[in-house]
Structures are given as structure tokens and as C-alpha cells.
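Residue-level structural notes
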Amino acid sequence: MVSKTLELIFDFGSPNAYLTLKVLPELLDRTGADLVVTPCLLGGIFKATGNKAPMVQYAEAPAKLAYEHLEMRRFIEKHGLSRFRLNPHFPVNTLTIMRGAIVAGDEGTLDDYVEVVNRAMWEDGLKMDDPDVIVTYLSANGFDGPALLARTQEADIKAKLVANTEAAVARGVFGIPTFFVGDEMFFGKDRLDQVEEALA
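Everything numeric here is computed off the predicted structure, so don't read it as measured data.

**Examining the pattern of salt bridges**
All chains considered together, the criterion is met by 10 salt bridges. Residue R74 is joined to E71 by a salt bridge in which the shortest nitrogen-to-oxygen separation is 3.1 Å. With a gap of 3 residues between them, R74 and E71 both fall in helix α4 (residues 62-79), about one helical turn apart. The class for R74 is partly exposed, based on a relative accessible area of 44%. Taking relative accessible area as the criterion, E71 reaches 31% and is therefore assigned partly exposed. Notably, a salt bridge pairs D129 with K127, separated by 3.0 Å at the nearest N-O pair. The network of salt bridges with common partners includes D106, E107, R151 and E154.

**With respect to helix α5 (residues 95-107)**
The end-to-end C-alpha distance of α5 is 19 Å, a good match for the 18 Å that 13 residues give at a rise of 1.5 Å each. Contacts made by the buried residues of α5 are with β1 (5-10), β2 (34-39), α6 (110-122), α7 (131-140), α8 (145-151) and α9 (155-170).

**Things to note about a nonpolar patch on the surface**
Residues M55, V56 and F90 make up a contiguous nonpolar surface patch of about 260 Å² in total accessible area. In this structure, F90 sits in the loop between α4 and α5. F90 gets classed as partly exposed once you look at its relative accessible area, which sits at 32%.

**Some words on the environment of F174**
With respect to the helices and strands, F174 occurs in the loop between α9 and β3 (178-181). Ignoring sequence-local partners within four residues, the contact set of F174 consists of I45, F46, T49, N51, M185 and F187.

Parameters and conventions
- Every chain's residues receive numbers from 1 upward, in the order its sequence appears when written.
- Residues qualify for local features only when their pLDDT is at least 70, as the model is predicted, and side-chain atom pairs are given and counted only at 80 or more; totals for whole chains, interfaces and linings, by contrast, use all residues.
- Side-chain measures were taken over the full set of non-hydrogen atoms in the model, leaving aside hydrogen atoms and water.
- When a carboxyl oxygen of Asp or Glu lies within 4 Å of a side-chain nitrogen of Lys or Arg, that pair is called a salt bridge.
- Only DSSP runs of H or I with at least four residues qualify as helices, and only runs of E with at least two residues qualify as strands; both kinds are numbered from the N terminus onward.
- Only protein chains enter the accessibility calculation, which uses a 1.4 Å probe; a residue whose area is less than 20% of its type maximum is buried, one above 50% is exposed, and one in between is partly exposed.
- Multiplying 1.5 Å by the helix residue count minus one yields the expected span of that helix.
- Every residue pair with non-hydrogen atoms within 4.5 Å of one another is taken to be in contact.
- Patches draw on residues past 30% relative accessible area with no salt bridge. Two like charges within 9 Å are joined, as are two nonpolar side chains (Val, Leu, Ile, Met, Phe, Trp, Tyr) within 5 Å.
- Exposure was quantified through the Shrake-Rupley algorithm and a 1.4 Å probe, taking into account, for residues, occlusion by the shown protein chains and nothing else.

Structural data, given as C-alpha cells:
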């Protein structure tokens, strides 16, 4: 029996992860699949696998970098994602907000948290590695910002994010967004057709 669970390996630092999450609801409706978001630290994945962000990886290949940007613009236009804008503070250190995702998962509010923080990062262009900005934005969007931020310093929360990241690397993950349908891995927003076929 084909798995009807789609797992997304996720970090707020990836604009492509934001774009992917915006188009996933229709895919999930068509396939009847459930989405499981697994928070991991993209920096940790890069360090463990020797991978680099495109802006670093293709710094000496400007044509390749330009094409990456072209593909992103095409995706945005195709899906009408007009609220997206590159974060002016990019790259943002996502350690605290990813620990926050572990807290939100523990408290049963991960879906709402991901939606809110994604909006802060990729629509409102906020500096989401500044604790004051994080607390203020979360508090204005239905969360107890101070309490959530305090919990990001708990040892078990820190350990869970590390464990998620290490487990993802052990499964072959080298970047984000990465998807799993059962044991089958797919990387990148341009693989969503293959993801849907695997779920069908």
C-alpha cells in the first residue's frame, strides 16, 4: 500500500520551503495525503554533508545563479505567490526560530507557528534572528512570545532539533525542502510532480 503521508524536512531559512508550503495544500487535497513537517537545521545539514547555499555554491558561476533566480520567479508567477519577497536580512540565522518550531510541535501548534514565522520571514521581511523581533511578532500573532522564546533554551528542545537534523542527514538529506513518501526521497520544489505521483 502506498504511503499517504508526506514528510517535509523543513527550515525557515529556505525561501523554497516557504514557496513549497504555499502550493502543498492543493497537492494534499488531490492525493488525500497528510503532511508531517519535521523541523531541522539547514546549517547543520550543510555542515554535515558539505553542501552550500546556492548563493555561495554558484558565486563563481553567475549564469547558474541567475538561472536559479529565474526558476524561482517562474514558480512564483505560475502559482500567484505575490506576497513573497526575499528577506532583506538574508541569510537569517534560524537557530532560535527552529528551536521555536520544536517547542510549537511539543505544544501542538506547529502548523500555526510555521505559517506565522514563514510570513515574518518571506512576506514581512523581518530580522527573525533578533529575539526582540521574534517575541514581538509571535505575541502579535496569537502566541505567548516570551514563554515560547524561553522554552527554546530548554536542553530537551535543543537536543530534539539536533536529533532531527542528524536523523535527516542519516537518511540522505542534503538540503531543504526535502520530501519523503515512505522511504523515497525527493529534493526541491521542482520535484512536486514526482512527489504527487508517489502519493497517487
